[in-house]
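For reference, the chains in residue letters:
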Amino acid sequence: MTETFYYLYPDGSFAKRTVTGVDHVRHPDGVVLLTEQEYAQKLAEFEAQQEADEAAAREAELAQRRADYEALLALGMPEETASRLSGYTPPVDAESGGEPPASEGGD
């Protein structure tokens with residue numbers, strides 16, 4: 001006999017547990033039993049939040065790299081060196097013949 005249980009722990013975490021060959025299952029203290037649908041919903045919400053957090057972190061890292069790149073350009077560093085040091089590659093402008101756009105900002 002195989003049974004699957006879905007738990008919500010007091011700290012808000014959740015888990016899936018499958019047991020085989022046991023007549024009496026002792027559940028962890030303090031858990032709330034979830035239905036499979038409730039578990040699936042919590043898992044989907046968790047995964048969506050995780051994806052959103054990862055996207056926000058990537059966006060913040062890109063913004064920091066761009067800020068570093070622009071700061072290096074403002075100090076008079078050549079674009080290629082600023083790009084290499086900052087890890088930022090400016091987008092290629094098709095109208096400029098493949099050259100990266102000039103640094104934004106005032107003189």
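Residues numbered from 1 in each chain as written. Predicted model: local features only at pLDDT ≥ 70, side-chain atom pairs only at ≥ 80, totals over all residues. Heavy atoms only, no water.

Chemist: Which residues make up helix 1 (residues 36-74), and what values do they have?
Modeler: Residues that lie three or four places apart on an α-helix share one face, since the helix turns once every 3.6 residues. Relative to the 57 Å expected for 39 residues at 1.5 Å per residue, helix 1 spans 57 Å between its end C-alpha atoms, a close match to the ideal helical length. Buried residues of helix 1: Y39, Y69, L72 and L73, and no others. Looking at the buried positions of helix 1, the neighbouring elements they touch are strand 1 (2-8), strand 2 (14-20), strand 3 (32-34) and helix 2 (79-86). At the exit of helix 1 stands G76, carrying a positive phi of roughly 95°. (Helix = DSSP H or I, 4+ residues; strand = E, 2+ residues; numbered from the N terminus. Expected span 1.5 Å × (residues − 1). Buried < 20%, exposed > 50% of the residue type's maximum accessible area, 1.4 Å probe, protein only. Contact = heavy atoms within 4.5 Å.)

Chemist: Could you give an account of the packing of helix 1 against helix 2, naming the residues involved and the relevant values?
Modeler: Axis separation between helix 1 and helix 2 bottoms out at 9 Å; the angle between their running directions is 145°. With respect to the hand of their crossing, helix 1 and helix 2 are arranged in right-handed fashion. For the pair formed by helix 1 and helix 2, the contact residues are R65, D68, Y69, L72 and L73 on the first element and E79, A82, S83, L85 and S86 on the second. Considered class by class, the residues forming the contact of helix 1 with helix 2 number 5 nonpolar, 2 polar and 3 charged. (Axes fitted to C-alpha atoms, helices over the stretch in contact; angles between N-to-C directions. Left-handed = near helix turned anticlockwise from the far one by under 90°. Nonpolar A, V, L, I, M, F, W, Y, C, P; charged D, E, K, R; others polar.)

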